[in-house]
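The lines below spell out each chain.
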Number of protein chains: 2
Amino acid sequence: MKFEVTILGNSSATPIFNRNPTSQILNINESLLMIDCGEGTQQQLLLYGIKYNRIHHIFISHLHGDHFFGLIGLISSMNLNGRTRPLKLFGPKNLLEILQIQLKYSDTRLAFELEFVALDPNNTGLIYETRDYTVETIPLNHRIPCTGFIFREKQRLRKILKEKVEPLNIPAEYYPLIKKGIDYVDKSGKTYKAIDLTTDPDVPRSYAYCSDTLMDDGYIKYLTKIDTLYHEATFMHDMLDRAKETHHTTASEAATIAKNVGAKTLLIGHFSARYKDLAPLLAEARTVFEETYIAKQGETFEI
Amino acid sequence: MKFEVTILGNSSATPIFNRNPTSQILNINESLLMIDCGEGTQQQLLLYGIKYNRIHHIFISHLHGDHFFGLIGLISSMNLNGRTRPLKLFGPKNLLEILQIQLKYSDTRLAFELEFVALDPNNTGLIYETRDYTVETIPLNHRIPCTGFIFREKQRLRKILKEKVEPLNIPAEYYPLIKKGIDYVDKSGKTYKAIDLTTDPDVPRSYAYCSDTLMDDGYIKYLTKIDTLYHEATFMHDMLDRAKETHHTTASEAATIAKNVGAKTLLIGHFSARYKDLAPLLAEARTVFEETYIAKQGETFEI
C-alpha cells in the first residue's frame, strides 16, 4: 500500500525566496490528504503536478496564516475547476467562519459539499477512520490552539499465497476467511492451516505531524509506534530562548523527540527565514538522531 | 519623474503554471502603489526583488478571490518584517471585515496602522491626492461591485534653465516663482521673462486600470487623456458570449476601447487559463490597436 508524504512548503511565518509556507500532501493508498495550506499552496500543487481535485481531505493545524492562508484560494480553484466530490475539512472551529465570509462577499456558491469537522484542541484521539487508515489528533503547545495529527495504516489482512491455494482448488469465496487466519477444511474434512496458505501482512506504518509547538510532554506521550515523525524545527539550538518565547522547537529538540519516541525517520521543517542554508539545521539534528532529513519542497518521502 | 507599472500577475480566476492572479505595482516618483493582490503576490514581490515594506498604498478593485486572496498574507508579512509605517488600503467596504476576522483568530495585532478607505462603487471621481498625483475611481461593470482606477500625474512646474539663470545671479529663493511662470525683475528694474529662463514642464501622464469588467460606456466615458490603459482581456473575441455571460472583455474589445479613447498604449491581462499561448490574444488586439502589449509577469512598462 502506498504511504508517502510530499512536501509543498517548509517555511515558517513568511514565504522567502524558494521556500513556501507549510503544506504537505499525504498519499495513503491513492487517497490524498492535505495537511496545512499556507499561501501559494495551489501554485505548489501546479508546480509539482498534483491535481488539486484529487485531494480528498484537508487537515488544518491552527489559525496562524502560514498554515491556512492558501485554503480559501485552493477551495475557490477546486470550485472553478468543476469539483463536485465533497471535500472534508478538519480544522479549528473559527476556520469555517473565515472561509464563509470570503465566499459570501465574493458571491461564490460552492458546487461541492464542504464537510467541516471542527477540531477541539483540548480533545485527543481518533477523529477519522477509513478502511485503510485512522487519524488521531494530539494537543500541541503553541501560542494559539494548535493540533497535531497521527495517521496510522490499519492492520492489513494476511496475504494469500497463490501457489499454495490454487493447487488445492479452494473456492475464491473462502479467501477472505483465510486472510483473516481462519483455517480451510475441504469436503473430505482435511484441514489446511491458514498460516500455511498465507504470509504475514505488512506491518502497519504511521506518520505523525507536529507543527507548530513548543517541546512538551503533553503531546510527546502520544507519539507511540511512529515510523516517520514530521516535527517543526524553526530554530537552531543556540536560539532556544527565542524558540521558547515564540512556542517553537529547535532542530536538536526535534531530534531528541524522535530519538526518545523511537521513530524510524525524522523530517524537519518550518524553518525560520533567517536560515538561508538549511545544512546546519540538519547537521545539528543528526548529532542527536542520525535518520533526520530536511522536509525539502517537492520531495516525496516514503513512510 | 518615474511613472511605471510592474506586472506581478496576469491570470484570471485561478493561477496556472507560470501565471499568477492579478497584481501590479505602480511606481510614481518612488512611491509604490499596489493594485489588486491575488494569492501568491508576496511571493511574486520576492521573485522580482520588490521589498514589500516599500509599498505605500494598496488599491483593491473587487472581492473576487483572484484580486485579493494574497492581501492578508502580504499584510501579515509586512507586520512580521517590522513595518511601522502606516499602510493605506482602498477597497470594497467588506474587505476590512475579511481582514479583521483573520487577524483576530490568528491573534495578530498589527504594529502599523492600517488606514482603510472604503470605496463606494457607485461614486466616481477623486479619492486620493498627493503633491505628485491624483487617483480617481471609475465604475466597472462586473458580477459584483467593482472599481477601476485612474492615476494621473499632476501638472508639474516649469523647469529652470541653469545656463540662463546662473549668469544673472538670480537668488535661489526666486526659482520657485520663476518655475510658476512669474517674471524676474532685477535691482535695476530690468525684467527677465520666466518663459525665457525655463522650459515647459513634462506633460502629465496617466494610467488607467480596468479589471474586471464588461465593455460598457458607463466607465469608458471617464477614460479621457489616458496614456497607458491596462484593460482586462480575459477571452478571445470568438468567446464573446462567454465574456458577456461572465462580465468580462475580449482582446478585440479591449483594443477597441483603447483606440476609441485615444490611449497611447494598451496593456492587456487577466487571461483565461484556457490560453496557454498568449500570442493569439495579442495578435487579435493589434489588428484593432497596434500599440498593444501583453501585461507579462515581471515586466515593467514606462507610462
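Starting afresh in each chain, residues are numbered from 1 along the sequence in its written order. Starting at A for chains and at 1 for ligands, labels are handed out in the order in which the entities are written. Given that the model is predicted, a residue must reach a pLDDT of at least 70 before its local features are reported, and side-chain atom pairs must reach 80 or more before they are shown or counted; all residues, however, enter totals for whole chains, interfaces and linings.

## Re the overall build of chain A
Line of reasoning, step 1. When helices and strands are tallied, chain A shows ten helices and 18 strands.
Line of reasoning, step 2. C-alpha extents for chain A along the principal axes are approximately 75 × 55 × 35 Å.
Line of reasoning, step 3. Here exposure depends only on C-beta density: within 10 Å of a residue's C-beta, 20 or more other C-beta atoms make it buried, 12 or fewer make it exposed, and intermediate numbers make it partly exposed, the C-beta atoms being placed from the backbone. With 303 residues in all, chain A has 45% of them scored as buried.
Line of reasoning, step 4. Sequence separation of at least 24 residues holds for 64% of the intrachain contacts in chain A that already meet a minimum separation of 6. The helix count covers DSSP runs of H or I at least four residues long, the strand count covers runs of E at least two residues long, and both are numbered beginning at the N terminus. What counts as a contact here is a pair of residues whose C-beta atoms, placed from the backbone, lie within 7 Å.

## Here we look at the environment of K164(A)
Line of reasoning, step 1. One can find K164(A) in helix α4 (residues 162-165).
Line of reasoning, step 2. Sequence spacing of K164(A) and M78(A) is 86 residues, and the spatial spacing of their C-alpha atoms is 48 Å.

## Overview of helix α9 (residues 251-261) of chain A
All names here are of chain A.
Line of reasoning, step 1. Every buried residue of α9 is listed here: A251, S252, E253, A254, A255, I257 and A258.
Line of reasoning, step 2. Those residues of α9 hidden inside the fold are in contact with α7 (217-220), β15 (228-232), β16 (265-269), α10 (279-288) and β17 (292-294).
Line of reasoning, step 3. Immediately beyond the C-terminal end of α9, within one or two residues, lies G262, with a positive phi of roughly 75 degrees.

## As for the sheet that holds strand β9 (residues 147-153) of chain A
Residues and elements named next belong to chain A.
Line of reasoning, step 1. Only when DSSP finds a minimum of two bridges between them are two strands counted as paired. The strand order β7-β8-β9-β14-β15-β16-β17 describes an open sheet built from seven strands, whose pairing is mixed. At either margin of the open sheet sits one strand with a lone partner, and together these are β7 (125-129) and β17. Taken pair by pair, the neighbouring strands of this sheet meet at an average axis angle of 20 degrees, ignoring direction.
Line of reasoning, step 2. Across seven bridges, the pairing between strand β8 (residues 133-139) and β9 is antiparallel. Paired with T137 across the bridge in β9 is F149. Axes here refer to lines fitted to C-alpha atoms; in helices the fit is confined to the stretch in contact. Angles between the N-to-C directions go from 0 to 180 degrees.

## Section: unusual backbone geometry
Line of reasoning, step 1. Cis rather than trans, the peptide bond between S211(A) and D212(A) has omega equal to 5 degrees.
Line of reasoning, step 2. Tracing the sequence through the fold places D212(A) in the loop between β14 (206-210) and α7.
Line of reasoning, step 3. Phi at D36(A) is positive, roughly 60 degrees, even though this residue is not glycine.
Line of reasoning, step 4. Position of D36(A) among the secondary structure elements: in strand β3 (residues 31-37).
Line of reasoning, step 5. A positive phi angle is found at H247(B), which is not glycine, with a value near 60 degrees.
Line of reasoning, step 6. Checked against the element boundaries, H247(B) lands in the loop between α8 (240-245) and α9 (251-261).

## Section: the packing of helix α3 (residues 95-105) of chain A against helix α3 (residues 95-105) of chain B
Line of reasoning, step 1. Relative orientation of the contacting elements α3(A) and α3(B) amounts to 175 degrees, with a least axis distance of 10 Å. The angle between α3(A) and α3(B) falls in the class roughly antiparallel. Counted together, E97(A), I98(A), I101(A), Q102(A) and Y105(A) of α3(A) and E97(B), I98(B), I101(B), Q102(B) and Y105(B) of α3(B) form the full contact between these two elements.
Line of reasoning, step 2. Across the contact of α3(A) with α3(B), the residue classes tally to six nonpolar, two polar and two charged. Comment on the angle field: the value is read as roughly parallel under 35 degrees, roughly antiparallel over 145, roughly perpendicular from 65 to 115, and oblique elsewhere. Following the grouping adopted for this structure description, the nonpolar residues are Ala, Val, Leu, Ile, Met, Phe, Trp, Tyr, Cys and Pro, the charged ones are Asp, Glu, Lys and Arg, and the polar ones are all others, Gly among them.

## Quick notes on α3(A)
Line of reasoning, step 1. Looking only at α3(A), the buried set comprises L95(A), I98(A), L99(A), Q102(A) and Y105(A). Each buried residue of α3(A) lies within a common arc of 145 degrees when the element is viewed along its axis, so the set occupies one face.
Line of reasoning, step 2. Looking at the buried residues of α3(A), the elements they touch are α2 (71-80) and β5 (87-92) of chain A together with α3 of chain B.
Line of reasoning, step 3. D107(A) lies just past α3(A) and shows a positive phi near 55 degrees. Each direction from the helix axis to a C-beta atom contributes to the arc, which is the arc of those directions.

## What about the interface of chain B and chain A?
Line of reasoning, step 1. Listed per partner, the contact involves 31 residues of chain B and 31 residues of chain A.
Line of reasoning, step 2. For the side of chain B that touches chain A, the elements supplying multiple residues, two or more each, are α1 (41-47), α2 (71-80) and α3 of chain B.

## What about the domain arrangement of chain A?
Line of reasoning, step 1. Note that domain bounds follow an automatic or database assignment of domains. As far as domains go, chain A holds domain 1 (3-156 + 202-302) and domain 2 (161-199).
Line of reasoning, step 2. For domain 1 of chain A versus domain 2 of chain A, the distance between C-alpha centres works out to 43 Å.

## Observations regarding the nonpolar core
Where a protein is soluble and globular, its nonpolar side chains tend to be buried together.
Line of reasoning, step 1. What we call a nonpolar core is a set of buried Ala, Val, Leu, Ile, Met, Phe, Trp, Tyr and Cys residues whose membership is set by joining through C-beta atoms within 7 Å. The biggest cluster of nonpolar side chains holds 135 residues, and the ones touching the most others in it are L266(A) and L266(B).
Line of reasoning, step 2. Those residues in contact with L266(B) that lie beyond four places of it in its chain are L229(B), H231(B), A254(B), A255(B), A258(B), A285(B), F289(B), E291(B) and T292(B).

## Looking at the pairing of β14(A)
Residues and elements named next belong to chain A.
Line of reasoning, step 1. Counting buried positions over the five residues of β14 gives five, a clear majority of the element.
Line of reasoning, step 2. Because side chains alternate across β14, one face comprises the buried residues S206, A208 and C210, and the other comprises Y207 and Y209, equally buried.
Line of reasoning, step 3. As paired elements, β9 and β14 share four bridges and run antiparallel to each other. In the strand pairing of β14, I150 is matched with A208.
Line of reasoning, step 4. With four bridges connecting them, β14 and β15 associate as parallel partners. Its bridge partner lying in β15, Y207 is registered against T228.

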